[in-house]
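# Residue-level structural notes
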There are 2 protein chains.
Amino acid sequence: MKLTKDMKILIVGLGLIGGSYAKALTKKGYTVSAITKEQSSVDFALQNGYVAKATTIVDKNYIEEADLIVFALYPHTFVEWIRQYKDLIRPGTVLTDVTGIKGSVVSEVQALLPSYIEFIPAHPMAGREVSGVENADERIFIDSNYIVTPTEKNTDGAIELCLDLGRELGFSKLSTLPAQMHDEIIGFVSQLTHCIAICLMTCQTVDGLEKYTGDSFRDLTRIARLNDEMWSELFLTNKTALLKQLHLFGNEMEKMCKIIENDDREALREMMRYSTKRRELFDKRKQEN
Amino acid sequence: MKLTKDMKILIVGLGLIGGSYAKALTKKGYTVSAITKEQSSVDFALQNGYVAKATTIVDKNYIEEADLIVFALYPHTFVEWIRQYKDLIRPGTVLTDVTGIKGSVVSEVQALLPSYIEFIPAHPMAGREVSGVENADERIFIDSNYIVTPTEKNTDGAIELCLDLGRELGFSKLSTLPAQMHDEIIGFVSQLTHCIAICLMTCQTVDGLEKYTGDSFRDLTRIARLNDEMWSELFLTNKTALLKQLHLFGNEMEKMCKIIENDDREALREMMRYSTKRRELFDKRKQEN
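Residues numbered from 1 in each chain as written. Chains lettered and ligands numbered in written order. Predicted model: local features only at pLDDT ≥ 70, side-chain atom pairs only at ≥ 80, totals over all residues. Heavy atoms only, no water.

With that settled, consider the overall build of chain A. Across its full length, chain A holds 11 helices and nine strands. Along the longest, intermediate and shortest principal axes, the C-alpha atoms of chain A span 70 × 40 × 35 Å. Among the 289 residues that make up chain A, the fraction classed as buried is 58%. The long-range fraction of contacts in chain A, counting pairs at least 24 apart against all pairs at least 6 apart in sequence, stands at 70%. Total accessible area computed for chain A in this model is approximately 11900 Å², and 49% of it derives from carbon and sulfur atoms. Taking the 35 positively charged and 41 negatively charged side chains of chain A as two groups, their mean positions are separated by 4 Å. (Helix = DSSP H or I, 4+ residues; strand = E, 2+ residues; numbered from the N terminus. Buried < 20%, exposed > 50% of the residue type's maximum accessible area, 1.4 Å probe, protein only. Contact = heavy atoms within 4.5 Å. Areas by Shrake-Rupley, 256 points an atom, 1.4 Å probe, with all protein chains shown as cover. Lys, Arg positive; Asp, Glu negative; His and termini not counted. Charge placed at Lys NZ, Arg CZ, Asp CG, Glu CD.)

In this description, an aromatic ring pair is defined by two values, namely the gap between the centres and the angle between the planes. On inspection of all chains with the given rule, the structure shows 22 aromatic pairs over all chains. Ring geometry for Phe217 of chain A versus Phe188 of chain B: centroids 5.5 Å apart, planes at 50 degrees, classification tilted. Of this pair, Phe217 of chain A sits in helix α8 (residues 215–221) while Phe188 of chain B is found in helix α7 (residues 179–202), placing the two residues in two different chains. Phe217 of chain A gets classed as buried once you look at its relative accessible area, which sits at 1%. Judged by centre distance (6.1 Å) and plane angle (80 degrees), the ring pair of Trp231 of chain B and Phe235 of chain B falls under edge-to-face. Here Trp231 of chain B and its partner Phe235 of chain B are both found in helix α9 (residues 228–237), four residues apart, which amounts to about one turn of the helix. Residue Trp231 of chain B is classed as buried on the basis of its relative accessible area of 12%. Taking relative accessible area as the criterion, Phe235 of chain B reaches 0% and is therefore assigned buried. (Phe/Tyr/Trp six-rings, centres within 6.5 Å; stacked < 30°, edge-to-face > 60°.)

Attention shifts here to the side chain of Thr151 of chain A. Relative to the helices and strands, Thr151 of chain A is located in the loop between β8 (145–148) and α6 (156–169). If we skip the residues at most four places from it in the chain, Thr151 of chain A touches Val106 and Gln110 of chain A.

Further remarks concern helix α2 (residues 39–47) of chain B. Residue pairs three or four apart in sequence face the same way in an α-helix, which turns once every 3.6 residues. Residue and element names in this part refer to chain B. Those residues of α2 not exposed but buried are Ser41, Val42 and Ala45. Buried positions in α2, seen along its axis, are confined to an arc of 100 degrees and lie on one side of it. The inward-facing, buried residues of α2 contact β3 (53–55). (Arc of directions from axis to C-beta.)

This next bit is on the environment of Asp264 of chain B. Residue and element names in this part refer to chain B. Turning to its location among the elements, Asp264 is positioned in the loop between α10 (239–261) and α11 (265–279). Residue class for Asp264 comes out partly exposed when judged on its relative accessible area of 33%. For the pair Asp264 and Ile17, spaced 247 residues apart in the sequence, the C-alpha separation amounts to 47 Å.

Here the focus is the relation of the copies chain B and chain A. Superposing chain B onto chain A requires a rotation of 180 degrees together with a translation of 0.0 Å along the rotation axis, leaving an RMSD of 0.0 Å. One copy is carried onto the other by what is essentially a two-fold rotation axis. Taking C-alpha positions as the reference, the residue of chain B nearest the rotation axis is Leu220 of chain B, at 2.3 Å. Interface residue correspondence from chain B to chain A reaches 100%, placing this contact among same-surface, isologous pairings. (Least-squares fit on C-alpha atoms with pLDDT ≥ 70 in both.)

Time to look at the interface of chain B and chain A. With 83 residues of chain B in contact, the opposing surface of chain A contributes 83 residues. Summed over both sides, the interface of chain B with chain A buries roughly 8900 Å², with 65% coming from carbon and sulfur. Of all residues in chain B, Tyr212, Arg225 and Phe282 of chain B bury the most surface against chain A, accounting for 9% of the area lost on that side. Between the two partners, chain B and chain A, sit 10 salt bridges. A salt bridge links Arg269 of chain A to Asp228 of chain B; its shortest N-O distance comes to 2.7 Å. Only β8 (145–148), β9 (173–176), α7, α8 (215–221), α9, α10 and α11 of chain B provide two or more residues apiece to the side of chain B that touches chain A. Residue contributions to the side of chain B that touches chain A peak at 14 residues, all from α10 of chain B. (Buried area = accessible area lost by both parts, 1.4 Å probe. Salt bridge = Lys/Arg side-chain N within 4 Å of Asp/Glu carboxyl O.)

Here the focus is the nonpolar core. Grouped together as the largest cluster of nonpolar side chains are 124 residues, with contacts concentrated most on Ile196, Phe249 and Ile260 of chain A together with Ile196, Phe235, Phe249 and Ile260 of chain B. In this structure Ile260 of chain A touches Leu268 of chain A together with Cys195, Phe235, Leu236, Lys239, Leu242, Leu243 and Leu246 of chain B, once residues within four positions along its chain are discounted. Counting residues in hydrophobic clusters, the runner-up holds 40 residues, among them Ala126, Ile140, Phe141 and Leu165 of chain B. (Core = buried A, V, L, I, M, F, W, Y, C linked by side-chain atoms within 4.5 Å.)

Residue and element names in this part refer to chain B. Spatial ordering of the open sheet is given by β3-β2-β1-β4-β5-β6, a layout of six strands whose pairing is parallel. In the strand order of this sheet, the two ends are held by β3 and β6 (118–119), each with one partner. Relative to strand β4 (residues 68–71), strand β1 (residues 8–12) runs parallel, the two sharing four bridges. Residue Leu10 lies in a different strand from β4, and its bridge partner there is Ile69. (Pairing = 2+ DSSP bridges.)

A few words now on the state of the cysteines. Summed over the entire model, instances satisfying the criterion amount to zero disulfides over all chains. Between Cys257 of chain B, a free cysteine, and Cys195 of chain A, which holds the nearest cysteine sulfur, the sulfur-to-sulfur gap is 7.5 Å. (Disulfide = S-S within 2.5 Å.)

Before going further, it helps to spend a moment on the environment of Arg83 of chain B. All names here are of chain B. Tracing the backbone through its elements, the reader meets Arg83 in helix α4 (residues 75–85). The class of Arg83 is partly exposed, set by a relative accessible area of 42%. A polar side-chain atom of Arg83 sits 3.1 Å from a polar atom in the side chain of Glu80. (Polar contact = N/O pair within 3.5 Å; in protein donor to acceptor, adjacent residues only side chain to side chain.)

Let's shift gears to unusual backbone geometry. Backbone geometry places Asp263 of chain A, a non-glycine residue, at a positive phi of 50 degrees. On the secondary structure map, Asp263 of chain A appears in the loop between α10 (239–261) and α11 (265–279). Phi is positive for Asp143 of chain B, close to 65 degrees, though the residue is something other than glycine. Positionally, Asp143 of chain B belongs in the loop between β7 (122–125) and β8. According to the relative accessible area criterion, Asp143 of chain B is buried, its value standing at 14%.

This is how it looks when you write it as structure tokens:
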């Protein structure tokens with residue numbers, strides 16, 4: 001199954017990511033419509049030409065005419081939406097999402113849907129420290145990762161279509177990963193790092209610290225500015241995997257404390273050499289700085 | 001005491017920071033000479049016009065004619081240098097340094113020097129993930145912090161001269177801080193963040209992780225690439241302050257684990273709201289992204 005320009009795409013939820021999807025796909029020549037909660041988001045998206053049409057009403061016609069529906073909602077809102085409106089979806093429509101954790105969300109949504117409506121989950125790994133369609137920017141997809149997380153319920157055709165969507169959005173790195181493995185990896189590379197950034201901000205609150213801060217501290221806390229409603233939901237929905245990663249990291253920090261306490265210079269240097277070598281793997285292909 | 005263009009400045013140690021000092025000061029019209037270990041560093045600095053003259057020999061004439069000597073060496077090498085060559089320094093010469101930790105280094109150097117030679121310590125908070133004079137770049141000082149850490153042995157004149165040096169180098173934020181407070185703050189904003197970056201790289205070593213990595217993980221581990229000789233020395237020289245910060249941070253991470261285990265959404269959101277608000281303080285004046 002290929003994404004073609006005559007397909008109608010409906011975005012549900014015009015936030016930062018939904019808005020950036022709409023903007024990117026409209027620019028590419030697709031017909032994009034949107035259903036979202038706030039009238040101000042509808043107005044902004046229309047005024048800026050991100051969508052052909054948009055509404056705050058869950059409009060039967062919008063849903064029926066869509067070939068592909070992208071859900072850009074909070075996890076629990078997404079599941080609720082499916083529960084409430086699934087009967088409005090035309091057989092053969094493909095659904096996808098942008099949710100940052102997969103496990104329970106994917107199984108609940110797939111369990112709710114009839115066999116003739118396929119939901120193929122995806123996680124576009126892109127974001128900004130600001131939210132809302134007003135900050136939509138399709139350039140956040142460039143050089144970023146797009147992960148499709150199929151289950152045994154998914155067809156090859158839908159997986160292909162979903163990868164195609166990622167390619168059209170401008171992601172340079174596309175991959176597929178089983179949902180559970182996705183959640184473990186996200187627990188590490190995304191959620192653990194957000195926990196660290198938050199704790200760096202909350203553990204030491206002396207006045208005037210900002211006067212003595214270098215780029216290292218700024219880099220490690222850039223993501224300490226976050227949408228608390230969304231992130232608390234992501235953390236708690238992925239609780240088991242996240243706690244596992246928190247403990248793994250905590251143990252490593254403990255190990256480092258012991259090494260420093262013991263003045264074990266060689267062990268410390270060995271950790272540093274290993275981290276220096278391993279970090280090279282994580283460079284973007286283009287120069288980072 | 002003001003820095004004037006007729007003063008002769010000697011840099012001891014042409015690494016990344018020493019080299020960047022030389023480059024910046026020569027550009028500003030100062031006469032800069034250098035003593036460094038490697039002939040290749042001498043050659044590079046001369047070929048690129050970073051210095052008026054340079055040598056690998058601890059040359060009596062270089063030292064005697066200098067009005068200001070900047071030591072850009074590893075902590076223990078700096079102390080050793082002073083121990084060995086202090087008698088070559090002309091009375092009235094002002095010494096400063098670039099060492100990332102202060103406590104024992106400052107007290108040892110000040111104890112070694114006769115009363116007619118003043119050492120005024122400073123910490124330019126700038127760096128790169130690469131080292132050596134070949135990577136010298138005076139632009140790393142722009143928008144960065146420069147901290148003078150005087151002791152009761154320092155005169156107002158030398159403090160003023162040292163701040164002047166920071167200003168001439170292009171630092172936009174100058175401050176003074178007692179050495180012990182400096183080391184506690186550096187233990188937090190610089191050393192703890194490097195420990196975190198290292199542990200993120202060493203605690204989870206599954207293959208292929210880089211395929212699923214977003215900007216958050218890249219940001220938090222940029223500094224995981226580091227000079228193990230220098231950083232192990234900085235960590236161990238500042239052991240007490242660093243361990244204190246490691247425990248402070250570890251306790252906060254423990255607190256967050258408990259909150260997540262207990263599904264305490266409101267406490268989690270409160271931490272996030274606080275971190276979001278506090279992070280604003282740490283923005284550079286210019287837009288970061």
